[in-house]
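One-letter residues, chain by chain:
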Amino acid sequence: MAASSNAEETQLQDMEEEDAGMAEKKMESDEEEEGMGIDNSDDEEDDSSEDEKENEAEIQRLEEQLSINAFDYNCHVDLIKLLKHEGELFRLRKARQKMSELFPLTEEIWLDWLKDEIRLTEEEPNREKVYELFERAVKDYICPDIWLEYAQYSIGGMGSPGGIDRVRSIFERAVTAVGLHMTKGQTVWEAYREFENAILSTVQPPPGRIPSREEQELLNAQLERIHTLFRRQLAVPLMDMEATYAEYEEWSEHGVPEMVIHQYKKALQQMEKRRSFEESLLVAEPPKLAEYQAYIDFELKEGDPARIQITFERTLAENCLVPDMWAKCTTYLDRQLKVKDLVLSTHERAVRNCPWTMGLWKSYLQALERNGADHQTVSDVFEKALNAGFIQATDYVEIWQAYLDYLRRRVDFSKESSKELEELRGAFSRSLEYMKQDVEERFGESGDPSCIIMQIWARIEALHCKNIQKARELWDSIMTKGNAKYANMWLEYYNLERSYGDPVHCRKALHRAVQCTSDYPEHVSEVLLTFERVEGSLEDWDVAVQKTETRLNRINEQRAKEAEKEANMARQDEDRTDQRRKTKTDKKASKKAFQKGTRAGEKRKGDHNDNQDEWTDFAAKRHRGNGNQTTEESMETETGLFGRNAPPGSKKAQQGVAAAAQKQNDDRPELRNDNCSVFISNLAYTLEEPEAKLRTLFETCGPITQVRPVFSNKGSFKGYGYVQFESPVSVPEALKLDRREVEGRPMFVSPCVDKNKNPDFKVFKYNTSMEKEKIFISGLPFSCTKEQLEEMCKGHGTIKDVRLVTYRSGKPKGLAYVEFADEAQASQAVLKMDGMDVMGNKISVSISNPPRRNMMDKPGSNRPSTDAIPRQVHGSRGRGRTQLSLLPRSLHRQSGPPSKVENGTAPEQVNAAGETKPLSNSDFARMLLSK
């Protein structure tokens, strides 16, 4: 590590010197420009200065953000792009270096870095630094373009001692790594042959001169190299290999040998088998995961290890953030190839790409042990795993278990005491402390409620170390952590005592179990009595019977009290429901009687009442047309002063009706235009001066003709109304104010449409299909704000929009939608955020796929409902919570009347008026019990 640190310091010093040299050259160039009379305008200088200040501020912001969270991948990328734009060479190198230490770099980032370094290190002593950089680049991913760039760069140093051998070595490694790549491998083979042809031209004698013996030997050897390259390439299935065969025919003086033709035809057949897979990859959109998976399955059936490996590598290059693909690749290498260097390097790349995936770290630890890695290496990898940032508490329990298993396998238990045994015990103690201090504080849970780690430790102490007293102490700790109420925990302890303890402690454990167990006390009691039948005396039997009977009687009394309490609560709920139903029925009856009396006592006046009826119909249609209002509200007028709940025959009420009607006619405009109006709803009933408030809110959208808030019969505001503009152009601007918060509630703004004339009109404006660039988050704490959520998500990509889902009252539902710039960023956010802990809540994150709103099932819909309507096909998010039916199957009403009572389906009760009587709680209970 120290040598590496010194090397990095030396490299940074060299970078500073190069930067200083470039700065001097730039100053000299500037002086020359001044001497030549070049003069830039003040405006350009000012603009350039402003841009530099803005870019410098952004660079500092990104560097500060990375100092806080070094694992912000997108922040690294943005910083590198900005530093490259500014020409900050030293800081650019440092930024690239830091990023490469934490993440594997993509092919594009590596090529940019390598090309920059190649331009700046033309001197021979500096070529070794570029070679080292290439060696790091080819380890991240198997990329043909990087290998090709590496080989071409090495050709520039072939004049140095051993340069030709070095070029050939790099080309050989390149064709081994990517020569099997069906679409890009051919370019590496051709570059290799071009290099050897160039060497051939240097060893050929001039025309007309007979070469010496040594020259002829060199010439023959070079010709054989080129022949060998042709033969090797033609034996590999590659796209457009027919052109290579034609080139070989033209180049070879003696024709193509039969053996080469045979191998070529065989490779051509293999290429044809794979052509369909390659063509599907060409037309597929990234990340092409399904196409690559089909390709891998094909190669696994074919069974060629080299082709299987190259197909995996091509898949991982485009799907580097898919943990399952890394797991499949490493599993294949572990079980089939078993090449140590290849296996361990792939495991290392897997955890660097997906450090949040515990399973990859666990497999890495096991691979290190399987391939004989030293203990320090395994321990270092385990420490890195603890700092990887797993997304759930149970991940830390599993990684600790894997490491403890490794340490246990190192111990020689034949010795009473050893360094390995002490290290194992220390690791167990440290794991328990880590769970308590780190995991519980971060996730709010231990991740190991059943104390599996402590159970394993106890068994090891009892079985291998013969230390039953330590095992008992550990089990006492397990029981004090909330496990004493579970019968299975006591039975585990009892089995441990039966195997390694004595009857006295077995009896003690079972007695404690009878007293503490709350889930299955009968089972524990039976185990105790069985034990006493086999082991105990008559006195022991009597004590056991007395304890079990006393405990079971107490349990039965508690169960009876709980059952009685639940029955009382059910009766109270039923009584409250009946009372509400009775009150509602009485109100409806009084309202009908009043309306009947009002119609009988009134004499219609032509103009006055005709206008009034027209306005009433207008308001009623509005209310029926908007799904936010109830049916009872839809029967009122906009002023709401038409005798609702007034006593029948009340003179005062009739006077109020007449006065309100007169005022309605006085204020009524000559023409109401739906095209220029919007409907406003979900406003607070306590909103003061709603007309003035609405006018203030919407006056920015355009000139307003009038504002019509709706009031109840008592004169209180009902939370909805209408705004009419002078021009239809103002309506789209007004609709943009939908969901604007007004006094703590989201205001709903929708077009003013009569749904009786437009039954298919839908106000819901959000998409109901899969939105690949948008993620859906559930399980958020209610206190989470939009700003906090945006801060949480911005590290995974560029955020275009954040929307918190709320109830109509404005209270949050714990749900949100976050839209990213593209679907790749959204996918990365899902992988990294799903299961994350946010203020003590474990959130779920998935690609947005909202369920379709079925207008047939919508309450208040005028259209008939039928079982023939197909239900929604659930998307990638599965069945949404709002799609669950909370009604038992036995209570689902059938579309047609049942012919008889069968399987708990009771006939519907009908009252004297011919109306279906609603079922009570007791009816539901009887129907459930009948099942």
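Residues numbered from 1 in each chain as written. Predicted model: local features only at pLDDT ≥ 70, side-chain atom pairs only at ≥ 80, totals over all residues. Heavy atoms only, no water.

Participant: Would you mind going over the overall build of the protein with me for this structure?
Facilitator: Helices and strands together make up the secondary structure of the protein, namely 33 helices and 11 strands. Counting all 931 residues of the protein, 38% fall into the buried class. Here the analysis covers contacts within the protein between residues at least 6 apart in sequence; of these, 61% occur between residues at least 24 apart. As presented, the protein carries roughly 53800 Å² of accessible surface, and 50% of it is formed by carbon and sulfur atoms. (Helix = DSSP H or I, 4+ residues; strand = E, 2+ residues; numbered from the N terminus. Buried < 20%, exposed > 50% of the residue type's maximum accessible area, 1.4 Å probe, protein only. Contact = heavy atoms within 4.5 Å. Areas by Shrake-Rupley, 256 points an atom, 1.4 Å probe, with all protein chains shown as cover.)

Participant: When you look at the packing of aromatic side chains in this model, what are you seeing that I'm missing?
Facilitator: Given two aromatic rings, one states the distance between the centres and the angle between the planes to describe the pair. Counted by the stated rule, this structure contains 31 aromatic pairs. Residues Trp110 and Trp113 carry aromatic rings whose centres are separated by 5.1 Å and whose planes lie at 5 degrees to one another, so their mutual orientation is stacked. Of this pair, Trp110 and Trp113 both sit in helix α5 (residues 107-120), three residues apart, which is roughly one turn of that helix. Here Trp110 matches Trp113 in class, with each residue buried. (Phe/Tyr/Trp six-rings, centres within 6.5 Å; stacked < 30°, edge-to-face > 60°.)

Participant: Would you mind going over the sheet that holds strand β8 (residues 812-820) with me for this structure?
Facilitator: The pairing of strands in a sheet happens through backbone hydrogen bonds and is either parallel or antiparallel. Spatially, the four strands line up as an open sheet ordered β7-β8-β6-β11, and their pairing is antiparallel. Only two strands of the sheet have a single neighbouring strand rather than two, namely β7 (799-806) and β11 (844-848). The sheet shows a mean angle of 20 degrees between the axes of neighbouring strands, taken without regard to direction. As defined by bridge partners, strand β6 (residues 771-778) adjoins β11 across five bridges and the pair is classed as antiparallel. Looking at the pairing, Ile775 lines up with Ile847 of β11. Against the sheet, helix α31 (residues 786-793) contacts β6, β7 and β8, and its axis sits at roughly 135 degrees relative to β7. Where helix α32 (residues 823-833) meets the sheet, it contacts β6, β8 and β11, and its direction lies at approximately 25 degrees from that of β6. (Pairing = 2+ DSSP bridges. Axes fitted to C-alpha atoms, helices over the stretch in contact; angles between N-to-C directions.)

Participant: In this structure, what is going on with the sheet that holds strand β4 (residues 740-742)? I would like to understand it.
Facilitator: The strand order across the open sheet built from five strands is β2-β3-β1-β5-β4, with neighbouring strands paired in antiparallel fashion. The outermost strands of the open sheet, each flanked by one partner alone, are β2 (704-711) and β4. In this sheet, adjacent strand axes meet at a mean angle of 30 degrees when their direction is disregarded. Sheet topology note: the β4/strand β5 (residues 745-751) ladder contains three bridges and is antiparallel. Within the sheet, the bridge partner assigned to Arg740 lies in β5 and is Met747. Running over the sheet, helix α29 (residues 690-698) touches β1 (677-681), β2, β3 (717-725), β4 and β5 and is turned about 140 degrees from β2.

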